[in-house]
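# Reading the structure
These are the residues of each chain, in order.
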There are 2 protein chains.
Amino acid sequence: MRGALYVIGLGPGPADWLTPQASAALAGIEDLVGYGPYVARVAPRAGVQPQASDNRVEFERAGAALALAAQGRRVGVVSGGDPGVFAMAAAVVEAMAQGPAEWRALDVEVLPGVSAMQAAAARLGAPLGGDFCALSLSDNLKPWSLIERRLIAACDGDFALALYNPASKARPQQIHDAFAVLRARRAPSTPVAFARAVGRPDEALVVTTLGEADPGIADMSTLVIVGASTTRLVQRPGLRPFLLTPRSYP
Amino acid sequence: MRGALYVIGLGPGPADWLTPQASAALAGIEDLVGYGPYVARVAPRAGVQPQASDNRVEFERAGAALALAAQGRRVGVVSGGDPGVFAMAAAVVEAMAQGPAEWRALDVEVLPGVSAMQAAAARLGAPLGGDFCALSLSDNLKPWSLIERRLIAACDGDFALALYNPASKARPQQIHDAFAVLRARRAPSTPVAFARAVGRPDEALVVTTLGEADPGIADMSTLVIVGASTTRLVQRPGLRPFLLTPRSYP
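Nothing here was measured: the structure is a model prediction, and the numbers come from that model.

## Some details on the interface of chain A and chain B
One widely used convention gives an interface's size as the accessible area the parts lose upon coming together. With 70 residues of chain A at the interface, the matching set in chain B holds 70 residues. When chain A packs against chain B, the two sides together hide about 6000 Å² of surface, and 59% of this comes from carbon and sulfur. The largest contributions to the chain A side of the interface with chain B come from Asp131(A), Arg150(A) and Arg247(A), which together make up 13% of the buried area. On the surface where chain A and chain B come into contact, there are six salt bridges. Of the charged contacts, one joins Arg247(B) and Glu58(A) as a salt bridge, the two residues approaching to 3.3 Å between their closest N and O atoms. Scanning the region where chain A abuts chain B turns up 29 residue pairs in polar contact (both at pLDDT 80 or more). Looking at the side of chain A that touches chain B, the element that brings in the most residues is helix H4 (residues 88-98) of chain A, giving seven residues. Each residue belonging to the side of chain A that touches chain B can be placed in one class, and the counts come to 40 nonpolar, 16 polar and 14 charged. Of the pairings in the sheet, the one linking strand S7 (residues 132-136) of chain A to strand S7 (residues 132-136) of chain B comprises three bridges and is antiparallel in character. The partner of Ala134(A) across the bridge, within S7(B), is Phe132(B).

Printed below as a string of structure tokens:
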């Protein structure tokens, strides 16, 4: 029997953001591989072997999953959000590239999901309604000099920004450094939002401005959105204001 | 009775990429508003008034939908992909900002969906696995000079690119001009993909390089991905190669 590997996007958390394709794949796998908290989101099923691993071992996890598929197993690698956006798809394809030839002949399918920036944007109105950049602030896998270069380029192009992995306990400084780069280049009135755990019970949204924001409130579960020059707040009586980045440009 | 407006992401097309949240919203609305081909994707339901409109009248369509909600109706505005990404969320929030005060007091909810770049990326492996920019090449709403500035900035930052609206019958030139900007700045070996109508019966994928690509094959239904300096092809025997933009940087 031929094995298969599905890289499954679980979305931000709630079941009503999980695609039917992802649900069907979860119902058909024999092995469930992923970072612990994502594996824990999937309801246990008889005959499915869960293999939870740590956050930092994406490449090893991908290799272990491919090895199982090469043995003929139907394997699901689960990712929060969309596996194609700062998640497991890149680790799996990189492991395929570096591993034995048989891994490159496997049935490998990536199943997209709602990414954190989309969940955040939905709650916030239309902050990413124009051109935007998605940028991870983690310097675990790339040098800070590159992150800084990309922040500057995003400002040069007047892109709105979706910032992933803004901070963690081990990396509290990057979001402060990033805001210093942005504050030197964008108006203090630029709308900014901190969207934490959108769709989960501990969801928290803060809408503020670049000048007034406290970047220290960002953590590992936070997606930070920084507006472009055209982004503005739309006040709503008794409700959180919406952010709007119009598609048109003056 | 209080009206409500849902901006509903239909995803790229197939039902297995439609979120349960979007399905539930479609089952509860009284008015269905949208661009003709998106309205046509929704199964007719007794008591639902479909209001299909032309592609170019997004702002007017948003205003008409808000006016219906202000009358107490439950209105669904449908978008292909994710309404927050080059789609109807921005038009609705902009119409709220410019319209009567009562529109800003309405229940307006954006329901995210799988966007074209995510569907394309899923088919192609992990082309957007690192930092990337999403950029619309349409100059209907912004000047070409801004698009060119953003392409240059994206190259300065070595971002991978997801190019929306690369061409239409009325705008055949932009994708050629964009490729000229990119070819002056990125290696001819840079992986490029043209992903047309992903998930629909007429899906077509072309994987090539910046040097060899024919940008003329892009049309209104095509999402174009252009790699960063680290993006490479991963050959698979008998299968279309995957694109990989690793999360790590040398």
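## A few points about helix H3 (residues 58-70) of chain B
Since the α-helix advances by 3.6 residues per turn, residues separated by three or four positions end up pointing in the same direction. Across its 13 residues, H3(B) extends 18 Å between first and last C-alpha, which sits within 8% of the 18 Å expected from 1.5 Å per residue. Within H3(B), burial applies to Glu58(B), Arg61(B), Ala62(B), Gly63(B), Ala65(B), Leu66(B), Leu68(B) and Ala69(B).

## Brief notes about the pairing of strand S11 (residues 222-226) of chain A
Residue and element names in this part refer to chain A. With five of five residues buried, S11 lies mostly within the body of the structure. The alternating pattern of S11 places Thr222, Val224 and Val226 and Leu223 and Ile225 on opposite faces, both of which are buried. As paired strands, strand S8 (residues 160-164) and S11 are joined by three bridges and run antiparallel to one another. Across the sheet, the residue bridging to leucine 163 is valine 224, located in S11.

## Details of the environment of Leu141(B)
Here Leu141(B) is to be found in the loop between S7 and helix H7 (144-156). Those residues within four positions of Leu141(B) in sequence are excluded, and the remaining contacts are Arg247(A), Ser248(A) and Tyr249(A).

## Some words on the nonpolar core
Residues Leu163(A), Leu151(B) and Leu163(B) are the most contacted members of the largest nonpolar core, which totals 49 residues. The element best represented in this core is H7(B), accounting for six residues. With sequence-adjacent residues up to four places away left out, Leu163(B) is seen in contact with Leu135(B), Leu137(B), Leu151(B), Ile175(B), Leu182(B), Thr222(B), Leu223(B), Val224(B) and Val226(B). Among the nonpolar cores identified, the runner-up in size contains 46 residues, and Leu205(A), Ala228(A), Met117(B) and Leu205(B) belong to it.

## Describing the packing of H7(B) against helix H8 (residues 174-183) of chain B
Residue and element names in this part refer to chain B. Interhelical geometry of H7 versus H8 gives an angle of 35 degrees and a closest axis separation of 10 Å. Considering how the two elements wind past one another, H7 and H8 form a crossing that is right-handed. Contact with H7, carried on its side by Trp144, Glu148, Leu151, Ile152 and Cys155, involves Gln174, Asp177, Ala178, Val181 and Leu182 of H8 and no other residues of that element.

## Brief notes about the pattern of salt bridges
Following the criterion strictly, the structure yields 14 salt bridges over all chains and no others. For Asp131(B), the salt bridge is made with Lys142(A), and the minimal N-O distance between the two is 2.5 Å. Residue Asp131(B) is found in the loop between strand S6 (125-126) and S7, and its partner Lys142(A) is found in the loop between S7 and helix H7 (144-156); the two belong to separate chains. The same class applies to Asp131(B) as to Lys142(A), namely buried. Of the charged contacts in the structure, one is a salt bridge between Arg196(A) and Asp219(A), with a shortest N-O distance of 2.7 Å. In this pair, Arg196(A) is assigned in strand S9 (residues 191-196) and Asp219(A) in the loop between strand S10 (204-209) and S11, connecting sequence segments 23 residues apart. Note on Arg196(A): relative accessible area 24%, which makes it partly exposed. Connected through shared salt-bridge partners, Asp131(A), Lys142(B) and Arg150(B) make up one network.

## A few points about unusual backbone geometry
Positive phi values are uncommon outside glycine, yet Asn165(B) reaches one of about 45 degrees. The partly exposed category is assigned to Asn165(B), whose relative accessible area is 23%.

## Quick notes on helix H1 (residues 20-28) of chain A
Every buried residue belonging to H1(A) is among Gln21(A), Ala22(A), Ala25(A) and Leu26(A), and all of these are buried. Down the axis of H1(A), the buried side of the element spans an arc of 135 degrees, and every buried residue falls inside it.

## A look at the state of the cysteines
A disulfide bridge is the covalent bond that connects two cysteines by way of their sulfur atoms. Tallying each qualifying case throughout the model produces zero disulfides over all chains. Of all cysteine sulfurs in the structure, the one in Cys133(A) sits closest to Cys155(A), which takes part in no disulfide; the separation is 9.2 Å. For Cys155(A), a relative accessible area of 11% gives the class buried. We note that Cys133(B) lacks a disulfide partner, and the nearest cysteine sulfur, in Cys133(A), lies 3.0 Å from it.

## Some words on the relation of the copies chain A and chain B
Of the transformation superimposing chain A on chain B, the axial component is 0.0 Å and the angular component is 180 degrees, with the fit at an RMSD of 0.0 Å. Those values place the two copies in the arrangement expected of a two-fold rotation axis. Relative to the rotation axis, the closest C-alpha in chain A is found at Cys133(A), a distance of 2.1 Å. The fraction of interface residues of chain A whose copies in chain B are also interface residues reaches 100%, indicating that both copies meet through the same surface.

Cut-offs used in this document
Residues numbered from 1 in each chain as written. Chains lettered and ligands numbered in written order. Predicted model: local features only at pLDDT ≥ 70, side-chain atom pairs only at ≥ 80, totals over all residues. Heavy atoms only, no water. Contact = heavy atoms within 4.5 Å. Buried area = accessible area lost by both parts, 1.4 Å probe. Salt bridge = Lys/Arg side-chain N within 4 Å of Asp/Glu carboxyl O. Polar contact = N/O pair within 3.5 Å; in protein donor to acceptor, adjacent residues only side chain to side chain. Helix = DSSP H or I, 4+ residues; strand = E, 2+ residues; numbered from the N terminus. Nonpolar A, V, L, I, M, F, W, Y, C, P; charged D, E, K, R; others polar. Pairing = 2+ DSSP bridges. Expected span 1.5 Å × (residues − 1). Buried < 20%, exposed > 50% of the residue type's maximum accessible area, 1.4 Å probe, protein only. Core = buried A, V, L, I, M, F, W, Y, C linked by side-chain atoms within 4.5 Å. Axes fitted to C-alpha atoms, helices over the stretch in contact; angles between N-to-C directions. Left-handed = near helix turned anticlockwise from the far one by under 90°. Arc of directions from axis to C-beta. Disulfide = S-S within 2.5 Å. Least-squares fit on C-alpha atoms with pLDDT ≥ 70 in both.

Function cannot be read off these values alone, since they describe shape.
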